[in-house]
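Working through the structure, step by step
Listed below, chain by chain, are the residues.
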Amino acid sequence: MERTLSIIKPNATIDNNIGNIIKKFEDEGLRIAACKLTVLSKEKAEGFYIEHKERPFFGELVSFMTSGPVVIMALEGENAVDKNRQIMGATNPAEAAEGTLRKLYAKSIGENAVHGSDSLQSAEREINYFFDKNEVISRF
Ligand code: CMP
């Protein structure tokens, strides 16, 4: 059993695709262990994406991620980190496989509908970044 962090990004919440995206996670066997709808502050988004601080797209990324509501979730299940990445598809929707969330709901590499942790180590940091321990409810 693993946990991973998922964010439904502003383009997908504004397009009213929150339910469609959560349904896909549940259909694939992931369970929601924590969930909130919020609008990120600039400081919170910058801290979350700190590893990308020197990238040319950092300003654009922070500006997009603070542009509207996001749904932040801890998802749990067997092999949750990799499973979530398969469900999301490639970062760039032009390269995402048919049926993946990014193929279905992303607009571009920046406005790519969902974020998911890239490793177990990142998942732990990212879940702790957004949730207190008592807000994460294991159902296994
Ligand atoms: P995410 O999984 O949230 O992690 C970092 C994000 O940076 C990534 O998804 C993309 O949305 C964004 N990103 C990566 N490469 C680029 C790029 N070349 N231009 C704009 N945004 C990018």
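Before going into details, it helps to say that this report is about the structure given with it. (Residues numbered from 1 in each chain as written. Predicted model: local features only at pLDDT ≥ 70, side-chain atom pairs only at ≥ 80, totals over all residues. Heavy atoms only, no water.)

1. Some remarks on the site of the ligand
Put simply, the rule is: Whether a residue is near a molecule or strand depends on its heavy atoms: if one lies within 4 Å, it is near. Polar contact is defined as a pair of N or O atoms within 3.5 Å, subject to the rule that within protein one atom must be able to donate a hydrogen and the other to accept it, and that residues adjacent in sequence are counted only when both atoms are side-chain atoms. Each accessible area is a Shrake-Rupley result for a 1.4 Å probe, and residues are judged covered by the shown protein chains and nothing else. The nonpolar class holds Ala, Val, Leu, Ile, Met, Phe, Trp, Tyr, Cys and Pro. Asp, Glu, Lys and Arg form the charged class, and all remaining residues, Gly among them, are polar.
With respect to spatial proximity, the complete set of residues near the ligand consists of Lys 9, Tyr 49, His 52, Phe 57, Glu 60, Leu 61, Thr 91, Arg 102, Ile 109, Gly 110, Asn 112 and His 115. One of the backbone nitrogen or oxygen atoms of Gly 110 is found 3.3 Å away from an oxygen atom of the ligand. Between Asn 112 and the ligand, the recorded distance is 3.3 Å, taken from a side-chain N or O atom to an oxygen atom. About the coverage of the ligand: the protein hides 80% of its 460 Å² of free accessible area. In terms of residue class, the shell around the ligand is made up of four nonpolar, five polar and three charged.

2. Concerning the packing of aromatic side chains
This is how it is decided: Pairing of aromatic rings covers Phe, Tyr and Trp, the last counted by its six-membered ring, and requires centre-to-centre distances within 6.5 Å; plane angles under 30 degrees mean stacked, over 60 mean edge-to-face, and any other angle means tilted. Strands are runs of DSSP state E lasting at least two residues, helices are runs of H or I lasting at least four, and both sets are numbered from the N terminus onward. In this scheme, a residue with accessible area under 20% of its type's maximum is buried, one over 50% is exposed, and one in between is partly exposed, where area comes from a 1.4 Å probe on protein chains only. A ring is considered to have a charge above it if a Lys NZ or an Arg CZ atom is located within 6 Å of its centre and within 35 degrees of its normal.
Applying the stated criterion to the full structure yields four aromatic pairs. Here the aromatic rings of Phe 48 and Phe 130 are separated by 5.1 Å at their centres, their planes lie at 45°, and the arrangement is tilted. With a gap of 82 residues between them, Phe 48 in helix 3 (residues 42-48) and Phe 130 in helix 7 (residues 120-130) connect regions that are remote in the sequence. Each of the two residues, Phe 48 as well as Phe 130, counts as buried. Relative to Phe 130, the ring of Tyr 129 has its centre 5.1 Å away and its plane inclined at 85°; by these criteria the two rings are edge-to-face. An aromatic cluster of three or more residues is present, and its members are Phe 48, Tyr 49, Tyr 129 and Phe 130. For Lys 44, the ring lying beneath its charged end belongs to Tyr 129, and the centroid distance is 4.2 Å.

3. A look at the pattern of salt bridges
Test applied: In what follows, salt bridge is the name for a side-chain nitrogen of Lys or Arg lying within 4 Å of a carboxyl oxygen of Asp or Glu.
Inspection of the entire model under this criterion finds six salt bridges. Between Lys 103 and Glu 98 there is a salt bridge, and its shortest N-O distance comes to 3.7 Å. A relative accessible area of 68% places Glu 98 in the exposed class.

4. Notes on the side chain of Lys 9
Quick note on the threshold: Within this scheme the basic residues Lys and Arg register as positive and the acidic residues Asp and Glu register as negative, but His and the chain ends are omitted. Only heavy atoms enter the contact rule, under which two residues are in contact if any of them lie within 4.5 Å.
Among the structural elements, Lys 9 can be located in the loop between strand 1 (2-8) and helix 1 (10-14). Of the side chains with opposite charge, Glu 111 comes closest to the buried, unpaired Lys 9, at an N-O distance of 10.0 Å. Among the polar contacts made by the side chain of Lys 9, one reaches the side chain of Asn 112 at a distance of 2.7 Å. Setting aside anything within four residues of it in sequence, one finds Lys 9 in contact with Tyr 49, Phe 64, Met 65, Pro 69, Val 70, Gly 110, Asn 112, Ala 113, Val 114 and His 115.

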